[in-house]
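Close look at the chain arrangement
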Amino acid sequence: MRAIVTVIGRDRVGIIAEVSGALAAAGVNILDITQTVTREYFTMIMLTDTSGFGGAFSELADSLEAFGEKLGMSIRIQREDIFEAMHRV
Amino acid sequence: MLNINEILETNEMIDRQHLDIRTVTMGVSLRDCAADSADVAARKIYDKVTRSAARLVRVCEEIEREFGIPIVNKRVSVTPIAAVAESSDAEDYTVFAQALDRAAKNVGVNFIGGFSALVHKGFTKGDARLIASIPRALAETERVCASVNVATTRAGINMDAVRRMGETVKSAAELTADSGGFACAKLVVFANAVEDNPFMAGAFHGSGEPECVINVGVSGPGAVKNALLSARGQPFDAVAETIKRTAFRVTRMGQLVAREASSRLGVPFGIVDLSLAPTPAAGDSVAEILEEMGLSSVGAHGTTAALALLNDAVKKGGVMASSHVGGLSGAFIPVSEDAGMIKAAQSGVLTIEKLEAMTCVCSVGLDMIAVPGDTPAETIAAIIADEAAIGVVNNKTTAVRIIPAPGKNVGDVVDFGGLLGTAPVMPVSGGSAADFIARGGRMPAPLHSLRN
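Each value, and the rule that gives it
Residues numbered from 1 in each chain as written. Chains lettered and ligands numbered in written order. Predicted model: local features only at pLDDT ≥ 70, side-chain atom pairs only at ≥ 80, totals over all residues. Heavy atoms only, no water. Helix = DSSP H or I, 4+ residues; strand = E, 2+ residues; numbered from the N terminus. Buried < 20%, exposed > 50% of the residue type's maximum accessible area, 1.4 Å probe, protein only. Contact = heavy atoms within 4.5 Å. Areas by Shrake-Rupley, 256 points an atom, 1.4 Å probe, with all protein chains shown as cover. Lys, Arg positive; Asp, Glu negative; His and termini not counted. Charge placed at Lys NZ, Arg CZ, Asp CG, Glu CD. Phe/Tyr/Trp six-rings, centres within 6.5 Å; stacked < 30°, edge-to-face > 60°. Lys NZ or Arg CZ within 6 Å of the ring centre and 35° of its normal. Buried area = accessible area lost by both parts, 1.4 Å probe. Salt bridge = Lys/Arg side-chain N within 4 Å of Asp/Glu carboxyl O. Nonpolar A, V, L, I, M, F, W, Y, C, P; charged D, E, K, R; others polar. Expected span 1.5 Å × (residues − 1).

1. Overview of the overall build of chain B
Helix and strand content of chain B: 15 helices and 13 strands. Taking the principal axes of its C-alpha atoms as reference, chain B extends roughly 65 × 50 × 50 Å. Scored against the burial criterion, the 452 residues of chain B give a buried share of 62%. Within chain B, counting contacts between residues at least 6 apart in sequence, those at least 24 apart form 78% of the total. Carbon and sulfur atoms make up 50% of the accessible area of chain B, which amounts to about 16000 Å² in all. Computed over 42 positive and 50 negative side-chain charges, the inter-centroid distance for chain B is 4 Å.

So, in structure tokens, the structure goes:
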């Protein structure tokens, strides 16, 4: 399943490394990354493939959210379809 | 790949503008639950609902998590109970409402609709018994919603039913006097009721519907209002375009969720209802959209035109986004559930007369309006008759959900809690309609009902 990971928070060293490390550990493959820093805020969008993750989607979402809290960032994962539905005819 | 701004915009709509799926409603046919014995029929009803909707809440929660979009309500609508209960020996149909209530609690839905009867042309034995049972059934259950259709464009208005519903609303209020007449918040009187409405309290599973079906109601007044900020000061052409674009996006999301729920539950997809349904939360208000168009308060002159534009643009934007649109589809104006309406009603700018005019151009009718507890049953019936006439003549659905709050007067406030919100008690016209309502009989269908 293709899913979008959104990471938002205050910029600092190592965010991409930490988040991609967590995704790799969960078996989630990163297909594309876009990121930007506006003032001190870091925003990253990752297109991922979650088929390598063994458990339920909600477990993955919960663990990423918890991991985000540990880093002081907001991390959420959502199926790509919702964005496609809203923005592509 | 998707553009970063599109992703952030979607999440902003969800996080800050209350964009959500308002309801996923499973329609369940109970036609096979009739039985000679009321106890047997009640058990069959309970078993069928709990079996059909067993996975509804869990599946919706999975979808919420995967898409990151809240599904606020999960609900069930059933075949009008009058038709199912009619062949049983029961005289009081409260027993069936109790079975529905238990089933709703068992499957975890917050409302179950369909304690209903369709009497636009007359009453069967079961219809009369159901209507007589409504006050007690609503007072003694928590999650059951009742509705009665008293008029259609094709049949005209059943004025005997209108009179009876005036009395029913009054006794439902009196039986629940200690909660401000709460039972009336679960009772809708319709003209031109639709068979696939997913929204409560008026949802029921119509006779042309399949065995089981998934209908979805979207919402998002906050998202529409926010989009309109970018069209400030521009002509109405730009306003209409902006609303259409937002409605399209919101509906696409509803369609996606509807398809997903339908395929996971193994139940056919019915319709997406393109409604703008407010909640009492700040920033989730239809009134605020109208005010963003340039009115100092909803209820000011210009409100009807603003609402007409909004209602039409929502439909135009939404209709291309979904393969099947249905239900009530339009803007809802429930007074107690909309922070902007509550404020306007309290300040006296929004009156029942203006709301009545607004119902000519919007989705439903006089919705969640509290009136003084001593309002006579005939006056309530006359309010129902006026709304029914608007629906019948204009070929649209109209409804009345009115609460004559026991012991309350104009200026008081009734708090229903949760999504049903807070209703300021509004004044009704002082004139009497007693002799008018006492006539009974049927008002003939309008000329344009003869379309064949």
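2. Some remarks on the packing of aromatic side chains
All names here are of chain B. This model, assessed by the stated rule, comprises 3 aromatic pairs over all chains. Where Phe182 meets Phe416, the ring centres are 6.0 Å apart and the plane angle is 45 degrees; that geometry is what we call tilted. Of this pair, Phe182 sits in the loop between helix H7 (159–175) and strand S6 (187–191) while Phe416 sits in the loop between strand S11 (413–415) and strand S12 (422–424), and the two are 234 residues apart along the sequence. Where Phe199 meets Phe332, the ring centres are 4.8 Å apart and the plane angle is 90 degrees; that geometry is what we call edge-to-face. One end of the pair, Phe199, is in the loop between S6 and strand S7 (212–218); the other, Phe332, is in the loop between helix H11 (303–319) and helix H12 (339–347), and 133 residues separate them in sequence. Classification of Phe332 as buried rests on a relative accessible area of 8%. Here Arg164 stacks its cationic end above the ring of Phe123, 3.9 Å away from the centre of that ring.

3. What to know about the environment of B:Pro221
Residue and element names in this part refer to chain B. When you line up the elements, Pro221 lands in helix H8 (residues 221–228). The sequence separation of Pro221 and Gly206 amounts to 15 residues, and the corresponding C-alpha distance is 28 Å. Discounting residues that sit within four places of it in the chain, Pro221 has contacts with Leu276, Ala277, Pro278, Asp284, Ser285, Val286 and Ile289.

4. What to know about the interface of chain A and chain B
Contact residues are listed per partner, giving 30 residues for chain A and 27 residues for chain B. Taking both sides of the interface into account, the surface hidden between chain A and chain B amounts to around 2600 Å²; carbon and sulfur atoms contribute 64%. Among the residues chain A hides against chain B, the three largest losses belong to A:Arg79, A:Met86 and A:His87. Together they make up 27% of the total. Where chain A packs against chain B, one counts 6 salt bridges. Across the salt bridge formed by A:Arg79 and B:Glu260, the nearest N and O atoms sit 3.0 Å from each other. Elements represented by at least two residues in the side of chain A that touches chain B include exactly strand S1 (2–10), strand S2 (29–38), strand S3 (41–49), helix H2 (57–71), strand S4 (74–79) and helix H3 (81–87) of chain A. Considering each element in turn, the side of chain A that touches chain B owes the most residues, 7 residues, to H3(A). Here the side of chain A that touches chain B is built from residues that sort into 14 nonpolar, 7 polar and 9 charged.

5. Description of helix H3 (residues 56–67) of chain B
Residues and elements named next belong to chain B. For H3, built from 12 residues, the straight-helix expectation of 16 Å at 1.5 Å per residue is met to within 8% by its first-to-last C-alpha distance of 17 Å. Here H3 has its buried residues at Leu56, Val57, Val59, Cys60, Ile63, Glu64, Glu66 and Phe67. Positive backbone phi, at 70 degrees, marks Gly68, one or two positions downstream of H3.

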